[in-house]
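Next come the chains, spelled out residue by residue.
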Amino acid sequence: MVERKASVERNTLETQVKASINLDGSGKARFDIGVPFLEHMLDQIARHGLIDLDIECKGDLHIDDHHTVEDVGITLGQAFAQAIGDKKGIYRYGHAYVPLDEALSRVVIDFSGRPGLQMHVPYTRASVGGFDVDLFQEFFQGFVNHALVTLHIDNLRGHNTHHQIETVFKAFGRALRMAVTQDERMAGQMPSTKGCL
C-alpha cells in the first residue's frame, strides 16, 4: 500500500505553519501552536481519526488567535489534499454521531473535490478558556477550501460549550477515519460515476 503521508509548510506575514500527517497512523499527535484549546481539539482528530498529526505554528498571537486558527485549518486541509492522492479505493464518504454527556453532534464529510461547509453549532457561550469559539468556523472553512471536501457539521444538542465543541471534533475525526479508509471492494476504482473527483 502506498504511504498516505504529507508535509506542508505555509508562510505568510501573519503565520508560519508546518503540518505533517499520516492518514494510516495510530493517532499520535504533537502540537506547538500556542493556542491550548485548539491543540486539545486537534488531539481529538488524531485520536479518533487514527491519523498522526504534527503541527507547529508561529503566529501573531499578540494580536489574537484568528490568523493562527484559520491558517492551521488551511495548512491541514492542504496536507489532507496531498496525502489522499487520487482518491481511488477510498470510501469517500464518512459520518459520525458523537455524544459527550448532554451534548450530541453529527459530522458528515465527502471527499468530493468541491469545497462546501454547512456548520450549525448554537454555542451557549462566546468563549471557552479565553478561546473565541467563532474561530472554529474559520478553522473548518480553511480546511474545506483546501482539502476540497464537502463538510456538514451539526451540534444537535448541548448546553456546555466545551462539550458542544468536543463532540464536533471527535465526530470530525471519526468521519475522516471512515472517509479515507481503503475499501477492499473498491480497490483501484474511483468512488464516483464521473470517473474523477
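Above: the structure in question.
I will try to describe carefully the structure that is included in this document. (Residues numbered from 1 in each chain as written. Predicted model: local features only at pLDDT ≥ 70, side-chain atom pairs only at ≥ 80, totals over all residues. Heavy atoms only, no water.)

**Overview of the overall build of the chain**
Moving on, step 1. Helix and strand counts for the chain come out as four helices and 10 strands.
Moving on, step 2. For the chain, the C-alpha radius of gyration of 16 Å lies close to 16 Å, the compact-globule estimate for 197 residues.
Moving on, step 3. When the backbone C-alpha atoms are referred to their principal axes, the chain occupies close to 45 × 40 × 30 Å.
Moving on, step 4. Relative to its full complement of 197 residues, the chain shows a buried share of 50%.
Moving on, step 5. For the chain, the proportion of contacts with a sequence separation of at least 24, taken over those separated by at least 6, is 77%.
Moving on, step 6. A total of about 9,200 Å² of accessible surface is found on the chain, and carbon and sulfur atoms cover 49% of it.
Moving on, step 7. Counting 20 positive and 26 negative side-chain charges, the chain places the centres of these two groups 8 Å from one another. (Helix = DSSP H or I, 4+ residues; strand = E, 2+ residues; numbered from the N terminus. Rg over C-alpha atoms; globule rule 2.2 N^0.38 Å. Buried < 20%, exposed > 50% of the residue type's maximum accessible area, 1.4 Å probe, protein only. Contact = heavy atoms within 4.5 Å. Areas by Shrake-Rupley, 256 points an atom, 1.4 Å probe, with all protein chains shown as cover. Lys, Arg positive; Asp, Glu negative; His and termini not counted. Charge placed at Lys NZ, Arg CZ, Asp CG, Glu CD.)

**Digging into the pairing of strand 4 (residues 52-59)**
Moving on, step 1. Where strand 2 (residues 15-22) lies against strand 4, eight bridges are found, and the strand directions are antiparallel. Looking at the pairing, serine 20 lines up with aspartate 54 of strand 4.
Moving on, step 2. Two elements, strand 3 (residues 29-32) and strand 4, share four bridges in a ladder whose sense is parallel. Paired with aspartate 32 across the two strands is glutamate 56, which belongs to strand 4.
Moving on, step 3. As for the winding sense of the linkage, the β-α-β connection from strand 3 through helix 1 (residues 36-49) to strand 4 is left-handed. (Pairing = 2+ DSSP bridges. Right-handed = clockwise from strand over helix to strand, strands pointing away.)

**Details of the packing of aromatic side chains**
How two aromatic rings sit relative to each other is set out by the distance from centre to centre and by the angle between their planes.
Moving on, step 1. Going through the model one piece at a time under the given rule, you end up with 10 aromatic pairs.
Moving on, step 2. Ring plane angle 55° and centroid distance 6.0 Å describe the contact between phenylalanine 37 and phenylalanine 136, whose orientation is recorded as tilted. Residue phenylalanine 37 is found in helix 1, and its partner phenylalanine 136 is found in helix 3 (residues 135-147); the two are separated by 99 residues along the sequence. Judged on exposure class, the residue phenylalanine 37 and its partner phenylalanine 136 are both buried.
Moving on, step 3. Measuring from ring centre to ring centre gives 5.7 Å for phenylalanine 139 and phenylalanine 169, while their planes differ by 40°; the resulting arrangement is tilted. Here phenylalanine 169 lies in helix 4 (residues 161-180) and phenylalanine 139 lies in helix 3, a separation of 30 residues in the sequence. Accessibility assignment for this pair places phenylalanine 139 and phenylalanine 169 in one class, buried. (Phe/Tyr/Trp six-rings, centres within 6.5 Å; stacked < 30°, edge-to-face > 60°.)

**Some words on the sheet that holds strand 3**
Moving on, step 1. On the basis of which strands lie adjacent, the open sheet formed by four strands has the order 1-2-4-3 and mixed pairing. At either margin of the open sheet sits one strand with a lone partner, and together these are strand 1 (5-11) and strand 3. Sheet twist, expressed as the average angle between the axes of neighbouring strands with direction ignored, equals 0°.
Moving on, step 2. Sitting on the sheet, helix 1 touches strand 3 and strand 4, and the angle it makes with strand 3 is about 160°.
Moving on, step 3. Contacting strand 1, strand 2 and strand 4, helix 2 (residues 66-84) crosses the sheet at an angle of about 145° to strand 1. (Axes fitted to C-alpha atoms, helices over the stretch in contact; angles between N-to-C directions.)

**A closer look at the environment of asparagine 160**
Moving on, step 1. Looking at the element boundaries, asparagine 160 is found in the loop between strand 10 (150-157) and helix 4.
Moving on, step 2. Separated by 24 residues in sequence, asparagine 160 and glutamate 184 have C-alpha atoms that sit 40 Å apart.

**Thoughts on the environment of threonine 68**
Moving on, step 1. Here threonine 68 shows up in helix 2.
Moving on, step 2. As a C-alpha pair, threonine 68 and leucine 100 span 32 residues in sequence and 27 Å in three-dimensional space.
Moving on, step 3. Not counting residues within four places of it along the chain, the set of residues in contact with threonine 68 comprises Thr15, Ile33, Val35, Cys57, Gly59, Asp60 and Leu61.

**Brief notes about the pattern of salt bridges**
Moving on, step 1. Throughout the structure, instances matching the rule amount to nine salt bridges.
Moving on, step 2. Across the pair aspartate 24 and arginine 4 runs a salt bridge, and its minimum N-O distance is 2.7 Å. On the criterion of sequence distance, the pair formed by aspartate 24 in the loop between strand 2 and strand 3 and arginine 4 in the segment before strand 1 is long-range, its members being 20 residues apart.
Moving on, step 3. A salt bridge links arginine 10 to aspartate 71; its shortest N-O distance comes to 3.2 Å. One end of the pair, arginine 10, is in strand 1; the other, aspartate 71, is in helix 2, and 61 residues separate them in sequence.
Moving on, step 4. Several salt bridges share partner residues, and in doing so they unite Arg30, Asp54 and Glu56 into one network. (Salt bridge = Lys/Arg side-chain N within 4 Å of Asp/Glu carboxyl O.)

No statement about biological role is implied by the geometric values presented.
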